[in-house]
Amino acid sequence: MPRSKKGKRGSSKPGSLRQEVLQLQLSAKAPLKGVKNGMKGESAASDDELASDILSHYSSASEGTSVLEEGLGGEQVDEQSAQEETEDKLKQCIDNLTDKSTKTRLAALESLRQAFSSRVLYDFLTERRLTVSDCLERSLKKGSSEEQASAATLFILLCIQLGGGDEAEEGFKMLRPILTTILMDNSASMAARQSCARALGMCCYVSTAEEGEDLCKSLSLLEGIFMSSYPNREGTLPTPKPGSSGLHTAAIQAWSLLVTLCPASKLSALLDFHLPKLKACLQSSDVNYRIAVGEAIALLVELGRDIDEEFEVEDSEGLCEGLKSLATDGNKHRAKNDRRKQRSIFREVLHYIENEDFTEEKIRFGVESVYIDSWMRRRIYDAFKEILESGVRHHLQFNPLLRDIFGLGPPLILDATIKANKISRFEKHLFNAAAFKARTKQRNKVRDKRADVM
């Protein structure tokens, strides 16, 4: 099964848009404002300032400059020196991962997390991946629960940075045993176990081939975690232990991500076993777990329909009744935000189960967009968004791994006239106006063709 379904993408011509922008600039007769680079650093302790400096330098240096721009030789030199300075700070953070002080190690992990999530650092990390992996392994084995959780999260980002090639697969094989040990250790902290569950799912997804041994092992491990929330023989849900619902949520989300890689032969067995059990888990007392279960059900049904056009959910009427109840839940003992979030998600799930219709979402980044038009693509996008946070758009724009997964092709190379992140508001307005005009012309052509056919 392919990793992703390509979304609907337009085919606008950058060249023609640039000409429209230039024409609109001349007609407006207004000077363009300058652009300020960089971002404001936070005032805190020295470790926080180091993290802020790293982000600030990469914010100003990452955009690059076009050879078409005139008089920017000095600016290119400044960007080069800024990048070298930032890499020195990153090297210092990597060195601090082995410091004796727990506080220093935690600060270094946080600084690297921010840098890895906000920038693409493949060249820098390729020659240091073994060093970073060794440090993370040490933190996972000997660190506190907070350090273990942070190290597992940073390892996910390292795999994303390495692009899912042999380097990421080698790192995953190296750290999978310790991630598994922490995940299965009932005495470990719930935060550390949740991070390890996410790491097993994400790193396996990024680095493992379909039908691979690592995929089967990771699926089995994650199933062993959330299946403890399944109803017993009498059909009664077990009473969750404190904090266990968060672990079950992380495990089922990671498992759902890996299910998107499964071949049809394995999917059939998973559907037959898990769908009836998951239906019962919709009555869980934890809102986040209920939502994760609902999304997993929608994903499994979608995959079932993909491999068999005549696929039908067992007791679909009972399932729809349960979903309808959650979609209209107005119990006052639940928090208002929880009720709103639950109703929104389960309305979508119910609509898909009944009508096979998915509410499409458009994610914009730079001058591009990606369409989330299926439950599978939503699970994949949400998984990366959870770990990359606000940096997900930057990675969609520049990270070859994410662009491959979402079918976006190689990163675009744009000149300075249409760089979304380096233009003033006035320039952006002109570009949007030109784009709108181009879309209108294209629609008119399509409508003319339709009229001719009719």
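Residues numbered from 1 in each chain as written. Predicted model: local features only at pLDDT ≥ 70, side-chain atom pairs only at ≥ 80, totals over all residues. Heavy atoms only, no water.

The protein has the name Interferon-related developmental regulator 2 in an unreviewed UniProt entry, where Oryzias latipes is given as its organism.

**Student:** Can you explain the nonpolar core? Please cite residues and give values.
**Tutor:** Counting 114 residues, the largest nonpolar core has Ile160, Phe384 and Leu396 as the members making the most contacts within it. When residues of this core are sorted by domain, at least three fall in each of domain 1 (84–233) and domain 2 (262–357). Setting aside its immediate chain neighbours within four residues, Phe384 contacts Ile160, Met202, Tyr205, Val206, Glu389, Val392, Leu402 and Ile405. (Core = buried A, V, L, I, M, F, W, Y, C linked by side-chain atoms within 4.5 Å. Buried < 20%, exposed > 50% of the residue type's maximum accessible area, 1.4 Å probe, protein only. Domains from an automatic or database assignment. Contact = heavy atoms within 4.5 Å.)

**Student:** Outline the packing of helix α6 (residues 129–142) against helix α8 (residues 166–184), supporting the account with residue identities and numerical values.
**Tutor:** Where α6 meets α8, the closest approach of the two axes is 10 Å, and the angle between their N-to-C directions is 5°. Relative to α8, α6 is oriented roughly parallel. Taken together, the residues of α8 that come into contact with α6 (itself represented by Arg129, Leu130, Ser133, Asp134, Leu136, Glu137, Leu140 and Lys141) are Glu167, Glu170, Met174, Leu175, Ile178, Leu179 and Ile182. Class assignment of the residues belonging to the contact of α6 with α8 gives a composition of eight nonpolar, one polar and six charged. (Axes fitted to C-alpha atoms, helices over the stretch in contact; angles between N-to-C directions. Helix = DSSP H or I, 4+ residues; strand = E, 2+ residues; numbered from the N terminus. Parallel < 35°, antiparallel > 145°, perpendicular 65-115°, else oblique. Nonpolar A, V, L, I, M, F, W, Y, C, P; charged D, E, K, R; others polar.)

**Student:** Go over the pattern of salt bridges, please, and point to the residues and values.
**Tutor:** The final tally for this structure, using the stated rule, is 15 salt bridges. Asp214 is paired through a salt bridge with Arg176; the nearest N and O atoms lie 2.2 Å apart. Remark: Arg176 occurs in helix α8 and Asp214 occurs in helix α10 (residues 213–226); sequence separation between them is 38 residues. Exposure class is identical for Asp214 and Arg176. Each is buried. A salt bridge links Arg198 to Glu386, with the nearest nitrogen and oxygen atoms 3.7 Å apart. Residue Arg198 is located in helix α9 (residues 190–207), and its partner Glu386 is located in helix α16 (residues 375–388); the two are separated by 188 residues in the primary sequence. (Salt bridge = Lys/Arg side-chain N within 4 Å of Asp/Glu carboxyl O.)

**Student:** Got a sec to walk through the state of the cysteines? Specific residues and values, please.
**Tutor:** A full pass over the atoms with the stated rule returns zero disulfides. Cysteine Cys203 shares no disulfide, and the gap to the nearest cysteine sulfur, in Cys159, comes to 3.6 Å. Residue classification places Cys203 among the buried positions, given a relative accessible area of 0%. (Disulfide = S-S within 2.5 Å.)

**Student:** Would you mind going over the pairing of strand β1 (residues 361–365) in detail, with residue names and values included?
**Tutor:** Two strands pair when backbone bridges link them, and β1 and strand β2 (residues 368–372) are joined in this way by five bridges, in the antiparallel orientation. From the neighbouring strand, Phe365 faces β2, where its bridge partner is Glu368. The antiparallel pairing of β1 with β2 creates a hairpin that spans two residues between the two strands, and Gly366 there sits at a positive phi of about 60°. (Pairing = 2+ DSSP bridges.)

**Student:** Talk me through the packing of α8 against α10; I want residue IDs and the actual numbers.
**Tutor:** Packing of α8 against α10 brings their axes to within 11 Å, and their N-to-C directions diverge by 15°. Here α8 lies roughly parallel to α10, going by the angle between them. For the pair α8 and α10, the crossing hand works out as left-handed. Contacts between α8 and α10 involve Phe172, Lys173, Arg176, Thr180, Leu183 and Met184 from the first element and Asp214, Lys217, Ser218, Leu221, Leu222 and Ile225 from the second. For the contact of α8 with α10, the per-class residue count stands at six nonpolar, two polar and four charged. (Left-handed = near helix turned anticlockwise from the far one by under 90°.)

**Student:** For helix α13 (residues 287–307), give the residues involved together with the corresponding values.
**Tutor:** With 21 residues, α13 should reach 30 Å at 1.5 Å per residue; the first-to-last C-alpha distance of 31 Å fits that figure. Counting buried positions along α13 gives 18 out of 21 residues, so the element sits mostly inside the fold. Sitting at the head of α13, Asp286 places a side-chain oxygen 3.2 Å from the backbone nitrogen of Asn288. (Expected span 1.5 Å × (residues − 1). Polar contact = N/O pair within 3.5 Å; in protein donor to acceptor, adjacent residues only side chain to side chain.)

**Student:** Account for a negative patch on the surface, naming residues and giving values.
**Tutor:** Side chains of Asp308, Glu309, Glu310 and Glu312 sit close together on the surface and give a patch of like negative charge. Here Glu310 lies in the loop between α13 and α14 (316–327). Classification of Glu310 as exposed rests on a relative accessible area of 69%. (Patch = residues over 30% accessible without salt bridge, like charges linked within 9 Å, V, L, I, M, F, W, Y side chains within 5 Å. Areas by Shrake-Rupley, 256 points an atom, 1.4 Å probe, with all protein chains shown as cover. Lys, Arg positive; Asp, Glu negative; His and termini not counted. Charge placed at Lys NZ, Arg CZ, Asp CG, Glu CD.)

**Student:** An account of the packing of aromatic side chains is requested, with residue identities and associated values reported.
**Tutor:** The full count for this structure, using the stated rule, is five aromatic pairs. Between Tyr205 and Phe384, the ring centres sit 6.4 Å apart and the planes meet at 70°, which makes this aromatic pair edge-to-face. Here Tyr205 is found in helix α9, whereas its partner Phe384 is found in helix α16, with 179 residues between them in sequence. For the pair Tyr205 and Phe384, a shared accessibility class is recorded, and that class is buried. Taken together through their ring pairs, the aromatic side chains of Phe226, Tyr230 and Trp255 make up a single cluster. For Arg305, the ring lying beneath its charged end belongs to Tyr352, and the centroid distance is 5.0 Å. Arg378 extends its terminal NZ or CZ atom over the ring of Trp375, reaching a point 4.9 Å from the ring centre. (Phe/Tyr/Trp six-rings, centres within 6.5 Å; stacked < 30°, edge-to-face > 60°. Lys NZ or Arg CZ within 6 Å of the ring centre and 35° of its normal.)

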